[in-house]
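# What the coordinates show
These are the residues of each chain, in order.
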Amino acid sequence: MSFKDGSRLEAMEYVRVMKGEVEVKRYSFHWMDADNQLRLRWDNAEHYPRLPNYPHHLHDGNERNVVPSEPMNLLKVIDLIASRLNE
């Protein structure tokens, strides 16, 4: 998905549906600028067990800059990106 500033979002969600319930098992939402440099990436890979709200975390502008995050989904990510693009 591309945005008006040339940035783009790559999204991945693995879900399980059981008895009509959808459970998100894994996700990664990777937002890059027009030069393919990381802006933000939300994911729930189990790499940072000491962070609050583990396994949900955010790579903020750099792969090594990892901070806690709330659980994310595609709609939340798109809303956040839209609000930043409209600042």
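Everything here concerns the structure above.
Bear in mind the structure is a predicted one, so any value in this text is a computation, not a measurement.

On to the nonpolar core. Counting eleven residues, the largest nonpolar core is built from F3, L9, Y27, F29, W31, L40, W42, L58, M72, V77 and I81. Those elements that place two or more of their residues in this core are β2 (21–32), β3 (38–43) and α1 (74–85).

Structurally, the position occupied by N65 is in the loop between β4 (57–60) and β5 (66–68). Take N65: its relative accessible area is 34%, and that puts it in the partly exposed class. Sequence separation between N65 and L38 is 27 residues; the distance between their C-alpha atoms is 11 Å. When sequence neighbours within four positions are dropped, the list of residues in contact with N65 reads L58, H59 and D60.

Our focus in this paragraph is the sheet that holds β5. Taken in spatial order, the five strands line up as β1-β2-β3-β4-β5 in an open sheet, and their pairing is antiparallel. Of all strands in the sheet, those with a lone pairing partner are β1 (8–18) and β5, marking the two edges. Shown here is a sheet whose adjacent strand axes are inclined to one another by a mean of 15°, direction ignored. Of the strand pairs in this sheet, β3 and β4 are connected by four bridges, and their pairing is antiparallel. Its bridge partner being in β4, D43 is matched across the sheet by H57.

Scanning the entire structure with this criterion turns up one aromatic pair. Both rings, one in Y27 and one in F29, keep their centres 5.5 Å apart while their planes meet at 25°; by these two values the pair is stacked. Neither Y27 nor F29 differs from the other in exposure class; each is buried.

With respect to the helices and strands, the residue H59 is situated in strand β4. Residue classification places H59 among the buried positions, given a relative accessible area of 3%. A polar contact is formed between the side chain of H59 and the side chain of D43, at a distance of 3.4 Å. Side chain to side chain, H59 and H57 meet in a polar contact 3.4 Å long. In contact with H59, not counting residues within four places along its chain, are L38, R39, L40, R41, D43, Y48, N65 and V66.

Calculation rules
- Residues numbered from 1 in each chain as written.
- Predicted model: local features only at pLDDT ≥ 70, side-chain atom pairs only at ≥ 80, totals over all residues.
- Heavy atoms only, no water.
- Core = buried A, V, L, I, M, F, W, Y, C linked by side-chain atoms within 4.5 Å.
- Buried < 20%, exposed > 50% of the residue type's maximum accessible area, 1.4 Å probe, protein only.
- Helix = DSSP H or I, 4+ residues; strand = E, 2+ residues; numbered from the N terminus.
- Contact = heavy atoms within 4.5 Å.
- Pairing = 2+ DSSP bridges.
- Axes fitted to C-alpha atoms, helices over the stretch in contact; angles between N-to-C directions.
- Phe/Tyr/Trp six-rings, centres within 6.5 Å; stacked < 30°, edge-to-face > 60°.
- Polar contact = N/O pair within 3.5 Å; in protein donor to acceptor, adjacent residues only side chain to side chain.

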